[in-house]
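Residue-level structure breakdown
Now for the letters of each chain:
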Amino acid sequence: MKDQKQMPDIEVAFQILQEANQPMYFRELISKVLETKAGRVHSPAQAMSEIHTQINLDSRFQHVGKGMWGLNEWTPQREARQAEETTKAVSGVSQRRERLLEEIQEDYDNVPVGREDTE
């Protein structure tokens, strides 16, 4: 593995979260990245802003609310839940469609033969 000081900031942030194995407040995470890199920072505010932007743009990270960030790989159950909800919704639509078609067929079957609507 590369020396963390030579790694891109976003990779260091990813490793920090993997090791913590729990979400972290963004300022704490970014501070740890800057500590790990231990380089001179011209503008701490700008460095924090740049790392925060990288975290926002990297799909491996997930905002979990109130400034807390975690990793997408921690939430496979969320994806499974979404897939299940989608399946239920599609199933519900199919069931409603079948009932509607049955009702239409019943209405059609109840029309007397030879009767023509002249309205």
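This structure is a prediction, so every number in the text was calculated from the model and none was measured. (Residues numbered from 1 in each chain as written. Predicted model: local features only at pLDDT ≥ 70, side-chain atom pairs only at ≥ 80, totals over all residues. Heavy atoms only, no water.)

Examining a nonpolar patch on the surface
Note the cut-off: Within this analysis, patches are made of residues with over 30% relative accessible area and no salt bridge. Like charges are joined at 9 Å or less; nonpolar side chains (Val, Leu, Ile, Met, Phe, Trp, Tyr) at 5 Å or less. All accessibility values rest on the Shrake-Rupley procedure with a 1.4 Å probe; residue burial counts only the protein chains present in the view. Counted as salt bridges are all cases of a side-chain nitrogen of Lys or Arg within 4 Å of a carboxyl oxygen of Asp or Glu. Working definition: helices are DSSP H or I runs of at least four residues, strands are E runs of at least two. Numbering for both runs from the N terminus.
Together, Leu100, Leu101 and Ile104 make up an exposed nonpolar region whose accessible area comes to about 290 Å². Counting through the fold element by element, Ile104 comes out in helix H4 (residues 76–109).

A look at the pattern of salt bridges
The condition is simple: Throughout this description, buried means an accessible area under 20% of the type-specific maximum (1.4 Å probe, protein chains only), exposed means over 50%, and partly exposed covers the range between.
One pass over the full model with this rule turns up three salt bridges. A salt bridge links Glu11 to Arg60, with the shortest nitrogen-to-oxygen separation between them at 3.1 Å. Residue Glu11 is located in helix H1 (residues 9–20), and its partner Arg60 is located in the loop between helix H3 (44–57) and strand S2 (61–65); the two are separated by 49 residues in the primary sequence. The partly exposed category is assigned to Glu11, whose relative accessible area is 27%.

Quick look at the packing of H1 against helix H2 (residues 26–37)
The description of two packed helices rests on the angle between their axes and on the distance between the axes. This is how it is decided: A fitted line through C-alpha atoms represents every axis, and for helices the fit uses only the stretch in contact; the resulting angles, taken between N-to-C directions, go from 0 to 180 degrees. Reported orientations rely on four angle classes, namely roughly parallel under 35 degrees, roughly antiparallel over 145, roughly perpendicular from 65 to 115, and oblique for the rest. Crossings are sorted by hand: turned counterclockwise from the far helix by less than a right angle, the near helix makes the crossing left-handed, and turned clockwise it makes it right-handed. By the convention used here, residues are in contact when the closest approach between their heavy atoms is within 4.5 Å. Put simply, Ala, Val, Leu, Ile, Met, Phe, Trp, Tyr, Cys and Pro go in the nonpolar bin, Asp, Glu, Lys and Arg in the charged bin, and everything else, Gly too, in the polar bin.
At their nearest, the axes of H1 and H2 sit 9 Å apart, and the two run at 115° to each other. By the angle class used here, H1 and H2 are roughly perpendicular. Crossing angle aside, the handedness with which H1 passes H2 is right-handed. On H2, the residues touching Asp9, Val12, Ala13, Ile16 and Leu17 of H1 are Leu29, Lys32, Val33, Thr36 and Lys37. For the contact of H1 with H2, the per-class residue count stands at six nonpolar, one polar and three charged.

Overview of the confidence of the model for the chain
In regions of low pLDDT, the predicted coordinates are not meant to be interpreted in detail. Heads up, the condition is: In predicted models, pLDDT denotes the confidence assigned by the predictor to each residue on a 0 to 100 scale.
Model confidence for the chain is summarised by a mean pLDDT of 80, while 75% of its residues fall at 70 or above. For the chain, per-element mean pLDDT is lowest for H4, which scores 68, and highest for strand S1 (residues 24–25), which scores 96.

A short note on H1
The test is simple: Given a helix with a known number of residues, its expected span is that number minus one, times 1.5 Å.
Taking 1.5 Å of rise per residue, twelve residues should cover 16 Å, and H1 covers 17 Å from first to last C-alpha, within 8% of that figure. For H1, the complete set of buried residues consists of Ile10, Val12, Ala13, Phe14, Gln15, Ile16 and Leu17. Those residues of H1 that are buried are in contact with S1, H2, H3, S2 and strand S3 (68–71).

Comments concerning the environment of Ile55
Take Ile55: it is sitting in helix H3. Take Ile55: its relative accessible area is 0%, and that puts it in the buried class. Between the alpha carbons of Ile55 and Asp9 there is a distance of 9.4 Å; along the sequence they are 46 residues apart. Among residues more than four places away in sequence, those in contact with Ile55 are Ile10, Ala13, Leu29, Ile30, Phe61 and Trp69.

Examining the sheet that holds S1
Cut-off, in case you're wondering: Any two strands with at least two DSSP bridges between them are considered paired.
Pairing is antiparallel in the open sheet, where three strands are placed in the order S1-S3-S2. The strands lining the two open edges of the sheet, one partner per strand, are S1 and S2. Relative to S3, S2 is paired through four bridges, and the arrangement is antiparallel. Bridge assignment links His63 to a residue of S3, and that residue is Trp69.

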